[in-house]
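# Working through the structure, step by step
Residue-level listing of the chains:
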Amino acid sequence: MPFSVLLSTPVAVFGALAALWLRRFVIGLYMPPYMVQMENDVYTQIGLVMLIGLGAKNSILIVAFAKEDYERGMSLVDAALSAARLRFRPLMMTALAFIVGCVPLWIASGAGSVARQIIGTTVIGGMLAETFIGRFFVSGDLLRR
């Protein structure tokens with residue numbers, strides 16, 4: 001089952017990098033290129049480490065519940081659907097609370113704001129992708145087994 005857990009990590013990384021690129025592109029339309037500082041630096045990497053941890057935690061919860069139901073005698077499809085249905089609300093509440101909590105980082109201004117904006121953009125983009133796209137990969141992989 002570790003493969004099911006690891007499937008959400010590339011989705012989160014893709015979402016983070018896509019959000020950084022999109023923010024750089026949008027800001028680049030309104031500001032000179034030398035003022036746009038959305039790079040893959042240490043702040044992006046810190047955000048990616050946070051995303052990998054949160055994405056793996058969410059996937060582990062679904063897989064653990066599905067494995068438990070499967071070992072109790074449910075069919076694999078029923079166990080996967082039951083785990084996804086049972087853990088959907090808590091995972092969505094956790095992810096959306098985390099995303100909303102990072103909005104102040106995303107819109108930061110003042111001294112050191114670029115570092116906070118990069119972390120906020122990385123984490124918000126990655127969590128949105130992991131939450132709304134990664135769940136399908138984890139549940140779909142459980143159903144294929």
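This text goes with the structure placed above it.
### Here's the deal with the packing of aromatic side chains
Under the defined criterion, the tally for this structure stands at 1 aromatic pair. Seen from their ring centres, tryptophan 21 and phenylalanine 25 are 5.5 Å apart, and the 10° between their planes marks the pair as stacked. One end of the pair, tryptophan 21, and the other, phenylalanine 25, are both in helix α2 (residues 8-30), 4 residues apart, so they sit about a helical turn from each other. Take tryptophan 21: its relative accessible area is 57%, and that puts it in the exposed class.

### Some thoughts on the environment of valine 5
Positionally, valine 5 belongs in helix α1 (residues 2-6). On the basis of relative accessibility, which here comes to 12%, the residue valine 5 falls in the buried class. Separated by 50 residues in sequence, valine 5 and glycine 55 place their C-alpha atoms 8.3 Å apart. If we ignore the near neighbours within four places in the chain, the residues touching valine 5 are Ala56, Ser59, Ile60 and Val63.

### Points about the nonpolar core
Counting residues in each nonpolar core, the largest one holds 11 residues, listed as Ala12, Ala16, Leu48, Leu51, Ala95, Ile99, Cys102, Ile119, Val123, Ile124 and Met127. If you list the elements that add at least two residues to this core, you get α2, α3 (42-71), α4 (76-101) and α6 (113-144). Ranked by residues supplied to this core, first place goes to α6 with 4 residues. Those residues in contact with isoleucine 99, other than ones at most four positions away along the chain, are Ile124, Met127 and Leu128.

Criteria and cut-off values
- Residues numbered from 1 in each chain as written.
- Predicted model: local features only at pLDDT ≥ 70, side-chain atom pairs only at ≥ 80, totals over all residues.
- Heavy atoms only, no water.
- Phe/Tyr/Trp six-rings, centres within 6.5 Å; stacked < 30°, edge-to-face > 60°.
- Helix = DSSP H or I, 4+ residues; strand = E, 2+ residues; numbered from the N terminus.
- Buried < 20%, exposed > 50% of the residue type's maximum accessible area, 1.4 Å probe, protein only.
- Contact = heavy atoms within 4.5 Å.
- Core = buried A, V, L, I, M, F, W, Y, C linked by side-chain atoms within 4.5 Å.

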